[in-house]
Amino acid sequence: MKTAAFHNLGCKVNAYEMEAMQELMTAHGYEIVPFDERADVYIVNTCSVTNIADKKSRQMLHRAKRRNPEAVVVAAGCYVQSAGEKLLEDAAVDILISNNEKGRLPEILKAWEEEHAAASVRDLSREHSYEALSISGTGEHTRAFVKIQDGCDQFCSYCIIPYTRGRVRSRRLPDILAEARRLVEGGCQELVLTGIHLDSYGADLNGESLLTVIEALGEMDGICRIRLGSLEPCIMTEDFVRALVEQEKLCPHFHLSLQSGCDATLRRMNRKYDTVDFRQCVKRLRRYFTEPALTSDVIVGFPGETDEEFAETLAFLKEIRFYETHVFPYSRRKGTRADRMPEQIPASVKAQRSDILLTLSEENSRAYRERLLGTEVEVLLEEPYTIDGASYLVGHTREYVKVAVPADQASVNQILTARVNALSGDTLLGTPV
């Protein structure tokens with residue numbers, strides 16, 4: 001039996017696509033082995049969101065070829081789209097697979113075996129169809145990601161994604177529901193909807209939207225929780241939020257992509273909202289949902305960010321009080337407008353500003369968890385966990401707060417109500433009610 005090893009770089013969408021490719025390879029007679037073992041085929045699902053991601057992608061491709069010089073090394077994904085045919089000049093790479101060709105992996109490998117035909121890079125700017133990738137199960141068995149959309153039309157000044165992923169393409173609702181049924185039958189109780197630009201779902205379809213998907217999944221037996229991936233604040237209109245609160249299975253956990261709390265910086269980023277819009281979005285969610293968990297991404301040290309602009313972002317974050325903030329120092333990406341902007345910020349300044357925001361994020365996260373002490377929360381238990389030598393099972397609330405309960409009082413993949421009585425690091429300790 002031939003063996004195949006996978007390594008994934010990048011986002012949740014990439015992780016989903018890797019699982020789908022693994023299923024395809026298994027169905028075609030391959031045994032999946034760890035990436036650090038000798039294999040007949042190595043597939044690196046690459047990322048190209050920053051220059052650093054490009055470098056990591058190249059390193060993993062070279063590592064695979066060193067591990068087994070006789071193996072077929074496949075580069076798939078975003079770095080393939082951004083690096084183009086130049087990657088074929090790299091002796092470590094045998095095959096290129098574009099972002100909308102991952103479902104053809106076994107077919108492409110067969111063509112290589114027969115005539116050493118290396119796939120070419122496909123121009124996704126002319127691609128209008130959603131690639132039919134799907135999964136039937138997941139290693140977690142409790143929670144599964146379901147990709148429903150690909151591509152982005154936003155063209156933020158720092159982002160290469162519209163060029164590496166192409167334009168917005170939505171998955172048909174019957175395909176989404178069919179995959180959801182398979183996952184539920186496999187034991188998953190929580191589905192996480194994901195995509196490159198989730199808000200855009202349905203823009204290329206007739207009459208369907210993200211809300212259409214949520215409502216359809218909400219009617220499906222066996223699904224207990226529906227969680228949403230990253231969203232733009234502009235989607236949170238009064239009508240949309242009012243419709244969301246009617247969905248009992250929807251988790252009140254919203255990851256809203258902020259990037260900056262300064263309007264001048266947001267304009268240079270070519271974001272499609274300002275802090276007034278974002279503030280109204282947050283107020284709306286907190287008016288309709290009780291203590292929703294709001295999380296976000298923030299880029300620090302964007303080109304031209306002055307001390308005053310950073311101070312505006314810091315003040316805005318203190319006002320909003322996110323449950324968690326993912327802080328990223330700006331990283332240049334060749335091919336984007338931001339890479340050509342003057343006034344690039346020194347790494348030392350970006351590091352200092354990152355530390356300030358991370359400290360604030362930790363304070364806000366702890367405050368949110370402490371507000372749950374003494375309350376009862378619903379937990380989906382996912383895996384064994386050890387705290388100070390004691391055995392627990394750990395899972396997450398609907399708000400995606402980590403909770404551990406004594407292992408002898410519950411079981412994995414059980415949804416139970418727990419009374420929160422203590423906090424250990426970033427984990428709440430509870431007792432089943």
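Note that the coordinates shown come from a computational prediction; the quantities given were computed from them, not determined experimentally.

Section: the pairing of strand 16 (residues 415-424)
When strand 13 (residues 376-387) meets strand 16, the two strands line up antiparallel, connected through five bridges. In the sheet register, Glu-376 faces strand 16, and the bridge partner there is Arg-419. For strand 16 and strand 17 (residues 427-432), the ladder comprises six bridges, and the chain directions are antiparallel. Paired with Ala-422 across the bridge in strand 17 is Leu-429. Here strand 16 folds back onto strand 17 in antiparallel fashion, the turn holding two residues, of which Gly-425 has a positive phi close to 65 degrees.

Describing the sheet that holds strand 11 (residues 293-300)
Spatially, 10-11-12 is the arrangement adopted by the three strands of the open sheet, whose pairing is parallel. Edge positions in the sheet fall to strand 10 (253-259) and strand 12 (324-329), since each of these pairs with one other strand and no more. Going from strand to strand, the sheet's axes swing by 15 degrees on average, the running direction of each strand aside. Two elements, strand 10 and strand 11, share six bridges in a ladder whose sense is parallel. Bridging from a neighbouring strand, Leu-256 pairs with Ser-296 of strand 11. Across the sheet, helix 12 (residues 347-370) touches strand 11 and strand 12, and the angle it forms with strand 12 is around 170 degrees.

What about the pattern of salt bridges?
Side chains that differ in charge, positive against negative, can pair when their charged atoms come close. For the structure shown, the criterion picks out 32 salt bridges. For Arg-143, the salt bridge is made with Glu-382, and the minimal N-O distance between the two is 2.7 Å. Of this pair, Arg-143 sits in strand 6 (residues 143-150) while Glu-382 sits in strand 13; the two residues are 239 residues apart in sequence, bridging distant segments of the chain. The same class applies to Arg-143 and to Glu-382, which are both buried. Put simply, Arg-366 and Glu-370 hold a salt bridge, and the shortest N to O gap is 3.1 Å.

Considering helix 12
Structural remark: α-helix, 3.6 residues per turn; residues separated by three or four positions point the same way. With 24 residues, helix 12 should cover 34 Å at 1.5 Å per step; its first-to-last C-alpha distance of 34 Å lies within 8% of that length. For helix 12, every residue scored as buried is listed here: Lys-350, Arg-353, Ser-354, Leu-357, Leu-360, Ser-361, Asn-364, Ser-365, Tyr-368 and Arg-369. Where helix 12 is buried, its residues touch strand 11, helix 11 (307-320), strand 12, strand 16 and strand 17.

Digging into the nonpolar core
Counting residues in hydrophobic clusters, the biggest one holds 70 residues, and the most contacted among them are Leu-193, Leu-217, Met-236 and Phe-254. Apart from the residues within four sequence positions on either side, Met-236 is in contact with Leu-231, Val-241, Leu-244, Phe-254, Leu-256, Cys-281, Arg-284 and Leu-285.

Some remarks on the side chain of Thr-265
Residue placement: Thr-265 occurs in helix 9 (residues 263-269). Polar contacts involving the side chain of Thr-265 include one to the side chain of Glu-309, which spans 3.4 Å. With near-sequence residues (within four places) excluded, Thr-265 lies in contact with Ser-260, Phe-302 and Glu-309.

Quick word on the sheet that holds strand 2 (residues 31-33)
One open sheet holds the five strands; their spatial order is 2-1-3-4-5, and the pairing between them is parallel. For this open sheet the edge positions go to strand 2 and strand 5 (95-97), each flanked by a neighbour on one side alone. Taking each pair of neighbouring strands and ignoring which way they run, the sheet shows an average axis angle of 25 degrees. In the packing of helix 4 (residues 105-115) onto the sheet, contacts are made with strand 1 (3-8), strand 3 (41-46), strand 4 (72-77) and strand 5, and the angle to strand 5 comes to roughly 155 degrees.

Some thoughts on the environment of Arg-143
Overall, Arg-143 belongs to the buried group, its relative accessible area being 5%. Spatially, the C-alpha atom of Arg-143 lies 23 Å from that of Gly-425, the residues being 282 residues apart in sequence. Engagement of the side chain of Arg-143 in a polar contact is seen with the side chain of Glu-190, the distance being 2.6 Å. There is a polar contact of 2.7 Å between the side chain of Arg-143 and the side chain of Glu-382.

Reading the values: the criteria
- Residue numbers run consecutively from 1 along every chain, following the written order of its sequence.
- Reporting of local features is limited, given that this is a predicted model, to residues whose pLDDT is at least 70; pairs of side-chain atoms are given and counted only at 80 or more, and all residues count toward the totals for whole chains, interfaces and linings.
- By convention in this description, side-chain values take in all heavy atoms of the structure and omit both hydrogens and water.
- Think of it this way: DSSP has to see at least two bridges between two strands before they count as a pair.
- Each helix corresponds to a stretch of at least 4 residues labelled H or I by DSSP, and each strand to a stretch of at least 2 residues labelled E; elements are numbered beginning at the N terminus.
- Interaxial angles span 0 to 180 degrees and are taken between N-to-C directions of axes, which are lines fitted to C-alpha atoms, for helices over the stretch in contact.
- Residues count as neighbours in contact if any of their non-hydrogen atoms are within 4.5 Å of one another.
- Within this document, salt bridges are pairs made up of a side-chain nitrogen of Lys or Arg and a carboxyl oxygen of Asp or Glu, the two lying within 4 Å of each other.
- The rule is simple: take the accessible area with a 1.4 Å probe, protein chains only, and divide by the maximum for that residue type; under 20% is buried, over 50% is exposed, in between is partly exposed.
- Under the convention used throughout, the expected extent of a helix is 1.5 Å for every residue step, that is, one less than its residue count.
- Only buried Ala, Val, Leu, Ile, Met, Phe, Trp, Tyr and Cys residues count toward a nonpolar core, and they belong to the same one when joined by side-chain atoms within 4.5 Å.
- Pairs of N or O atoms within 3.5 Å make up the polar contacts considered here, provided that, within protein, one atom can donate a hydrogen while the other can accept it, and that residues adjacent in sequence are counted only when both atoms are side-chain atoms.

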